[in-house]
Amino acid sequence: MTRAMGAAMRRIHVGNALSAFGLGFTVPYLYVYVAQVRGLGAMTAGLVLAVFAVAALVVLPFAGRAIVRRGPLPVLLAALVTAAVGALSLGLAGRATTVLLAAAALGAGQAVMQPALATMIVDCSTTDTRSRAFAMQFFLQNLGLGVGGLIGGHLVDTTRVDSFTLLFAIEAAMFLLLVGVMATVRMPRSPRIDQAPAGSAKGSWKQLLGNRAMVQLCVLGFVLFFACYGQFESGLSAYGVEAAGISTSALGTALAANTLMIVVAQFAVLKFVERRRRSRVIAAVGLIWAVAWVAAGYAGLGHGSREMATAAFVSTYALFGLGEAMLSPTVAPLVADLAPSGLAGQYNSVFALVKQLALAVGPAVGGPLGASLHAPYIVTFLLFSLAISVLAVRLGRQLTAVQDQPWLGRSRVVARGGAAEPVGAEA
């Protein structure tokens, strides 16, 4: 990595931390703000949360093309300004229509940030440093969300609208501060679609769908996000309260255990996964999450003491955190390595779109199931976790040796004394 790439990467990591900090300020309190503080009711609050998902699904297909043609930095700056306008408008809005429009702007801006920042990490890293860069991104995102949520919780007062207005204003300021930070980034030159060979410029969507490894990774990604992230604040929390009798304070402890596991284990796990086959690491995550669902089953169905049920439920969230720490340096770099030269933005946006679909479907399925059908809920997601392992092993058969074991490419370069091939060359 050159000095310029290192300087750009440091600013990108600052950007990840600031954006997560800003989102952590407001996202946990959106429902309370809309339904109770603004007095717009539970239905409007539910629509606001749905608008976030819909806005992401609408803009992400266009975001990938924009990143490919314009580069990730201009797209990121536009997303940050959009999100800042949405956040400030949400803090000032008093009517349902304006709240929904503001939520759409915030949701669209937030969704586009993810693939833009991921593509910037790809452009500013090498195969040697990419896994560590994505691990650092995930670490800072979780740290930012946790710290932002903690500080935001001490600032809000449900009896005062102005406390929430302040909260959203701080979030908007974080995004605008990030505009200033990212505007100073000097990105290395990377291929754009008009600079890439003609074959890669034509029908990039068709080309992506023809990449069997990428299609399988998207299917695997949907199951990953559906079975884990899509259950955190919906089905699993409903199951914990209804089946296991978990208190709200214990639920908060479980969420904190998840974040703490990620923060503590991330770089220790990184050393473990860097020399393992990526497909096998993902398969191991499926097995770890299967154990997590067994622990959740014991919490709600094991008829043990309240203390044992709480300990098992907190362990569930901690085990999910361990799996997330293993995925962060594995899945995102694999998406980058599957992308042909110049199309990393397109591939990152498609994978982000798959994530949003899973996060939209997950709560809709898991919420009612976890609240009322306790045993079927546990069995269903235990099977989904085992399916992750099966899909990961099948994906490994579609990957080249270097895509599945990237250190092989580095050792071959050293042995030859030559330069590394560009990312995506084999894809």
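Asks: Could you give me a rundown of the packing of helix H10 (residues 212–227) against helix H15 (residues 331–338), with the residues and numbers involved?
Replies: Relative orientation of the contacting elements H10 and H15 amounts to 160°, with a least axis distance of 10 Å. Taken as axis vectors, H10 and H15 run roughly antiparallel relative to one another. Considering the relative orientation of H10 and H15, their crossing is left-handed. Residues Ala213, Met214, Leu217 and Leu224 of H10 form the contact with H15, whose participating residues are Val331, Leu334, Val335 and Leu338. Within the contact of H10 with H15, the residues separate by chemical class into eight nonpolar, no polar and no charged.

Asks: Now, about helix H11 (residues 235–242): what can you tell me, with residues and values included?
Replies: Buried residues dominate H11, accounting for six of its eight residues. Within H11, burial applies to Gly235, Leu236, Ser237, Ala238, Tyr239 and Gly240.

Asks: Quick one: what's the story with a positive patch on the surface, residue by residue and with numbers?
Replies: A grouping of Arg212, Arg280, Arg394 and Arg397 is seen on the molecular surface, where their side chains present a positively charged patch. Tracing the sequence through the fold places Arg394 in helix H17 (residues 374–398). Since its relative accessible area comes to 48%, Arg394 is described here as partly exposed.

Asks: Describe in detail the packing of helix H5 (residues 96–123) against helix H6 (residues 130–155), supporting the description with residues and values.
Replies: Where H5 contacts H6, the two axes come as close as 10 Å, and the packing angle between them is 150°. The orientation of H5 relative to H6 falls into the category roughly antiparallel. Relative to H6, the crossing made by H5 is right-handed. Residue-level inspection shows Leu117, Ala118, Ile121 and Val122 of H5 in contact with H6, the latter providing Arg130, Ala133, Phe134 and Gln137. Broken down by class, the residue content of the contact of H5 with H6 amounts to six nonpolar, one polar and one charged.

Calculation notes
- Residues numbered from 1 in each chain as written.
- Predicted model: local features only at pLDDT ≥ 70, side-chain atom pairs only at ≥ 80, totals over all residues.
- Heavy atoms only, no water.
- Axes fitted to C-alpha atoms, helices over the stretch in contact; angles between N-to-C directions.
- Helix = DSSP H or I, 4+ residues; strand = E, 2+ residues; numbered from the N terminus.
- Parallel < 35°, antiparallel > 145°, perpendicular 65-115°, else oblique.
- Left-handed = near helix turned anticlockwise from the far one by under 90°.
- Contact = heavy atoms within 4.5 Å.
- Nonpolar A, V, L, I, M, F, W, Y, C, P; charged D, E, K, R; others polar.
- Buried < 20%, exposed > 50% of the residue type's maximum accessible area, 1.4 Å probe, protein only.
- Patch = residues over 30% accessible without salt bridge, like charges linked within 9 Å, V, L, I, M, F, W, Y side chains within 5 Å.
- Areas by Shrake-Rupley, 256 points an atom, 1.4 Å probe, with all protein chains shown as cover.
- Salt bridge = Lys/Arg side-chain N within 4 Å of Asp/Glu carboxyl O.
- Lys, Arg positive; Asp, Glu negative; His and termini not counted.
- Charge placed at Lys NZ, Arg CZ, Asp CG, Glu CD.

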